[in-house]
Amino acid sequence: MPHLTALEWFGYAASVIVAVSLTMSSIVRLRWYNLVGAAAFSTYGFLIHAYPVGVLNGFIALADIYYLVRMYSVKERFQLVRVPSDSEYLGCFFEAHREEIRRIFPRFDFRMDEGRVAFYVLRDLVPACVFVGTPVGDGTLEVDLDFVVPAYRDFKPGAYLFGERLALFRDLGFRRLQARACDRAHGAYLRRVGFQPAGEEEDCALFVREMD
């Protein structure tokens, strides 16, 4: 294998970042990764005097900046809507996302009974998240499901549910939320929306959110 210079390694790294950006299901993440990759690749193009490459990727980076500014500046409307246990739409939602729900929430029971608490988090009237919890006594609500549709995974639905609307759980009589994370990404999400680690249980990490 020929010896690669630092500049060539830089170019390869920029290409990888651009390629990785295209695998992102979240539009916001896609834009951020693509911005970094395009800016790096533009720099690489100018450094090797490949000016069309530099100009094109510079334009892509500017476009990413433009759309990111729009995404972060637009005022979105969030709403919480109670879900009846016999909701036909909820059944369709489960079917559409069943495989990913099973991967992230391997213990989730898709059967809905009257005792469970369920909400849609609407984002500009579009269902962005489904929350399902089960009362387990002692004022604790077990978070069975907190599934956000891939296109909306920028933490805003979680911040709304466990931040702005946290009082709703208190109004329903709960003093504590309890959740389990069976992978590192879900654990990082729970920490970011205010949950604290509370030990291990089998192959999952236990998290709690006190509301007193």
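Residues numbered from 1 in each chain as written. Predicted model: local features only at pLDDT ≥ 70, side-chain atom pairs only at ≥ 80, totals over all residues. Heavy atoms only, no water.

### Description of the nonpolar core
(1) Moving on: Core analysis: the largest hydrophobic core is formed by 27 residues, its most contacted members being Phe131, Phe162, Phe169, Leu177 and Phe195.
(2) Moving on: Residues within four places of phenylalanine 169 in sequence aside, it is in contact with Phe119, Phe131, Leu141, Leu161, Phe162, Phe174, Leu177 and Met211.
(3) Moving on: If you look at the next biggest cluster of nonpolar residues, it comprises 18 residues, including Phe93, Ile101, Tyr120 and Val130. (Core = buried A, V, L, I, M, F, W, Y, C linked by side-chain atoms within 4.5 Å. Buried < 20%, exposed > 50% of the residue type's maximum accessible area, 1.4 Å probe, protein only. Contact = heavy atoms within 4.5 Å.)

### Here we look at the sheet that holds strand β3 (residues 126-135)
(1) Moving on: Judged by pairing direction, the sheet is mixed, and its seven strands sit side by side in the order β1-β2-β3-β4-β5-β7-β6 without closing on themselves. Of all the strands in the sheet, the pair left with one neighbour each is β1 (78-82) and β6 (196-201). Averaged over neighbouring strand pairs, the angle between their axes works out to 30° when direction is ignored.
(2) Moving on: Where strand β5 (residues 176-181) meets strand β7 (residues 204-210), six bridges bridge the pair, whose relative direction is antiparallel. Residue pairing in the sheet places glutamine 178 in a bridge with valine 208 of β7.
(3) Moving on: Helix α7 (residues 184-192) rests against β4 (140-148), β5, β6 and β7 of the sheet, and its axis sits at about 160° to β5. (Pairing = 2+ DSSP bridges. Helix = DSSP H or I, 4+ residues; strand = E, 2+ residues; numbered from the N terminus. Axes fitted to C-alpha atoms, helices over the stretch in contact; angles between N-to-C directions.)

### A word on the packing of helix α1 (residues 6-21) against helix α2 (residues 27-47)
(1) Moving on: It is at 8 Å that the axes of α1 and α2 come closest, and there the two elements cross at 155°. Here α2 runs roughly antiparallel to α1, going by the angle between their axes. Handedness of the crossing formed by α1 with α2: left-handed. When α1 is examined against α2, the residues Leu7, Glu8, Phe10, Gly11, Ala14, Ser15, Ile17, Val18, Val20 and Ser21 are found in contact with a partner set consisting of Leu30, Tyr33, Asn34, Val36, Gly37, Ala38, Ala40, Phe41, Thr43, Tyr44 and Leu47.
(2) Moving on: Its residues placed into classes, the contact of α1 with α2 shows 14 nonpolar, six polar and one charged. (Parallel < 35°, antiparallel > 145°, perpendicular 65-115°, else oblique. Left-handed = near helix turned anticlockwise from the far one by under 90°. Nonpolar A, V, L, I, M, F, W, Y, C, P; charged D, E, K, R; others polar.)

### Quick word on α7
(1) Moving on: Buried residues of α7: His186, Gly187, Tyr189 and Leu190, and no others. Taken around the axis of α7, the buried residues stretch over an arc of 160°, which confines them to a single face. Turned more than 90 degrees away from the buried face of α7 sit Arg184, Ala185 and Arg192, all of them exposed.
(2) Moving on: The backbone nitrogen of alanine 185 has a side-chain oxygen 3.2 Å away, supplied by the residue at the start of α7, namely aspartate 183.
(3) Moving on: One or two residues past the end of α7 sits glycine 194, with phi positive at roughly 105°. (Arc of directions from axis to C-beta. Polar contact = N/O pair within 3.5 Å; in protein donor to acceptor, adjacent residues only side chain to side chain.)

### Some words on the state of the cysteines
(1) Moving on: Applying the stated criterion across every chain, the model contains one disulfide.
(2) Moving on: Covalently, cysteine 182 is tied to cysteine 204 through a disulfide, its sulfur atoms 1.9 Å apart. Classification of the bridge connecting cysteine 182 and cysteine 204 rests on its S-S torsion, roughly 85°, and on that basis the disulfide is right-handed. Of this pair, cysteine 182 sits in the loop between β5 and α7 while cysteine 204 is found in strand β7, placing the two residues 22 residues apart along the sequence.
(3) Moving on: Here cysteine 182 falls in the partly exposed class, since its relative accessible area comes to 29%.
(4) Moving on: A relative accessible area of 1% places cysteine 204 in the buried class.
(5) Moving on: Lacking any disulfide linkage, cysteine 92 is separated from the closest cysteine sulfur, that of cysteine 129, by 18 Å. (Disulfide = S-S within 2.5 Å.)

### Looking at the packing of aromatic side chains
(1) Moving on: With the rule as written, the count across this model stands at 18 aromatic pairs.
(2) Moving on: Taken together through their ring pairs, the aromatic side chains of Phe119, Phe131, Phe162, Phe169 and Phe195 make up a single cluster.
(3) Moving on: For arginine 98, the ring lying beneath its charged end belongs to phenylalanine 110, and the centroid distance is 4.2 Å. (Phe/Tyr/Trp six-rings, centres within 6.5 Å; stacked < 30°, edge-to-face > 60°. Lys NZ or Arg CZ within 6 Å of the ring centre and 35° of its normal.)

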